Amino acid sequence: MSPIISARGVHRWYGHGPDAFHAVRGIDLDVQAGEVFALLGTNGAGKTSTLDLLEGLSTADDGTIAVFGLHPVRDRRAIRPDIGIMLQSGGLPAELTVAETLQMWRGTCTHPTTIDDVLTKVHLTDRADVRVGSLSGGEQRRVDLACALLGQPKLLFLDEPTTGLDPENRRATWQLLADLKASGVTMVLTTHYLDEAEELADRIAIMHGGRIRREGTLRDIVADHPATISFDHPGLTLPQLSAVQINAGARVEIKTHHLQAHLLELLSWARDNHLILDGLTARAASLESVFLDVADEPGDDATTAQPTVDNTIGALS
Ligand SMILES: Nc1ncnc2c1ncn2[C@@H]1O[C@H](COP(=O)(O)OP(=O)(O)OP(=O)(O)O)[C@@H](O)[C@H]1O
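Quick caveat, the model's predicted, so the values are computed rather than measured. What you see as residue numbers is a count from 1 along each chain, following the sequence as written. Given that this is a predicted model, residues contribute local features only at a pLDDT of at least 70 and side-chain atom pairs are listed and counted only at 80 or more, while totals for whole chains, interfaces and linings are drawn from all residues.

Describe the nonpolar core, listing the residues and the values that go with them.
Within the largest apolar cluster, 65 residues are counted, with the highest numbers of intra-cluster contacts made by Ala38, Leu54, Ala146 and Val188. Helix numbering and strand numbering both begin at the N terminus, where a helix is a DSSP run of H or I of at least 4 residues and a strand a DSSP run of E of at least 2. Per element, the largest residue contribution to this core is seven residues, and it comes from helix H5 (residues 137-150). Contact between two residues is assigned whenever their backbone-derived C-beta positions fall within 7 Å. Contacts of Leu54, omitting those with residues within four sequence positions, involve Ile5, Ala7, Ile65, Val67, Pro72, Phe157 and Val188. In this usage, the nonpolar core is the set of buried Ala, Val, Leu, Ile, Met, Phe, Trp, Tyr and Cys residues whose C-beta atoms join them within 7 Å. Remark: C-beta atoms are placed from the backbone, and a residue is labelled buried if 20 or more other C-beta atoms sit within 10 Å of its own, exposed if 12 or fewer do, or partly exposed between those counts.

In structure tokens:
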């Protein structure tokens, strides 16, 4: 089955000439029907810029993007009824009530659901008559989500959907997104919450410096990454552990792909030498450890030349 979204070699510069900023540097990705795809990354990695391109809110300077097999900008009228977009900052009018805002938004949708339905979904029924400007930040975020859901989208773009939400409302939003996924909605989301990606995403891409540095299922991403054992240096020559990277400063840090075997070996050595390993910790590889490694990778100064002519993208055939 062909993917709902397909991007190949996508670039985005801001500005022109020598001062142009190369924000997206050759992204390739596919999002399959019914999948939740999470874009993670450091601040300024290019997540929102990438999302804007997929949503058809900006045009790539190079590369190809297809959404439902169509060009996201040129075919926007055809695509728009089937997508919902929750921007990073909604920018809704502060003076309108929640119900008025949704009523206004509903008028732009081709096959909308009811206002009561979305208010129930985002748990804002009791705030319907309150002005948007008077809502808390978390409540405003849920109005943004309600707007994105009004059109009953098949494809939902969510830019940091739970930023500003308290833990209870974050969980409620996760449940709502899980329900939408179960009903077949495809989602692309950005988030700074790694647990959110772990909870919701079928596949994850970690961006840094405008490129995707890791991509795959959580299991794929973590599989290549070593576990870490660390403890305060006991002042003795450390045992030789095969195929590990040992950083033996005041605090010893051992990177290993064989956590159990090497931990056992280390503890046996400590017992034989009557040592207590102060501050001993053993951590399996996690999304967080992979993310922190990616964040430490040097930025990429090599930049493809910006097209001098308007090289607007074509849909993949
Ligand atoms: N309109 C613009 N003009 C110039 N530079 C821009 C513009 N929009 C974004 N950028 C720059 O492009 C880079 C990528 O920005 P983007 O918002 O896509 O990152 P992000 O990964 O979403 O970051 P964050 O996690 O902080 O939201 C940043 O360095 C940003 O300053």
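Lay out the sheet that holds strand S12 (residues 251-256) with the relevant residues and their values.
Criterion used throughout: strands pair if DSSP finds at least two bridges between them. Spatial strand order, S11-S12-S10-S13: four strands in an open sheet with antiparallel pairing. At either end of the open sheet lies a strand with only one pairing partner, and these are strand S11 (245-248) and strand S13 (281-283). On average, each strand axis in the sheet is tilted by 10° relative to the strand beside it, whichever way the strands run. To get an axis, fit a line to the C-alpha atoms, keeping to the stretch in contact for a helix; angles then go from 0 to 180 degrees between the N-to-C directions. The strands that helix H9 (residues 259-272) touches are strand S10 (227-232), S12 and S13; relative to S10, the one it contacts most, it runs at about 20°.

Mind laying out the domain arrangement of the chain, listing which residues take part and the relevant values?
What marks off one domain from the next here is an automatic or database domain assignment. Split into domains, the chain comes out as domain 1 (5-222) and domain 2 (226-284). A C-alpha centroid distance of 43 Å is found between domain 1 and domain 2.

Requested: an account of unusual backbone geometry, with residues and values cited.
Negative phi values dominate among residues other than glycine, just as trans dominates among peptide bonds. Look at His123: it is not a glycine, yet its phi comes out positive at around 60°. Position of His123 relative to the elements: it lies in the loop between helix H4 (115-121) and H5. We classify His123 as partly exposed; it has 16 C-beta atoms within 10 Å.

Provide a residue-level description of helix H6 (residues 167-182), including the pertinent values.
Multiplying 1.5 Å by the residue count of a helix minus one yields the expected span of that helix. An ideal rise of 1.5 Å per residue puts 22 Å on 16 residues; H6 measures up with 22 Å between its terminal C-alpha atoms. Phi turns positive, to about 100°, at Gly184, one or two residues after H6.

Describe helix H1 (residues 47-55), with residues and values.
With eight of nine residues buried, H1 lies mostly within the body of the structure. Residues of H1 that are buried include every one of Lys47, Ser49, Thr50, Leu51, Asp52, Leu53, Leu54 and Glu55, and no others. Of the residues trailing H1, Gly56 is marked for its positive phi of about 80°.

Explain the site of the ligand to me, using residue names and the numbers behind them.
With respect to spatial proximity, the complete set of residues near the ligand consists of Tyr14, Phe21, Ala23, Gly41, Asn43, Gly44, Ala45, Gly46, Lys47, Thr48 and Ser49. Listing elements by their share of the shell around the ligand, those giving two or more residues are strand S2 (21-31) and H1. At three residues, H1 tops the list of elements feeding residues into the shell around the ligand. As a working rule, the residues Ala, Val, Leu, Ile, Met, Phe, Trp, Tyr, Cys and Pro are called nonpolar, Asp, Glu, Lys and Arg charged, and the rest polar, with Gly in that last group. Each residue belonging to the shell around the ligand can be placed in one class, and the counts come to four nonpolar, six polar and one charged. For each residue, a C-beta atom is positioned from the backbone; the residue is called near a molecule or strand if that atom sits within 6 Å of it.

Account for the packing of helix H3 (residues 98-106) against H5, with residues named and values stated.
It is at 9 Å that the axes of H3 and H5 come closest, and there the two elements cross at 30°. Accordingly, the angle class assigned to the pair H3 and H5 is roughly parallel. Viewed along their axes, H3 and H5 form a crossing whose handedness is right-handed. Across the interface between the two elements, Val98, Thr101, Leu102, Trp105 and Arg106 from H3 touch Val143, Ala146, Cys147 and Leu150 from H5. Split into classes, the residues belonging to the contact of H3 with H5 amount to seven nonpolar, one polar and one charged. Under this scheme an angle from 65 to 115 degrees is roughly perpendicular, one under 35 degrees roughly parallel, and one over 145 degrees roughly antiparallel; angles in between are oblique. We call a crossing left-handed when the near helix sits turned anticlockwise from the far one by less than a right angle, and right-handed when that turn is clockwise.

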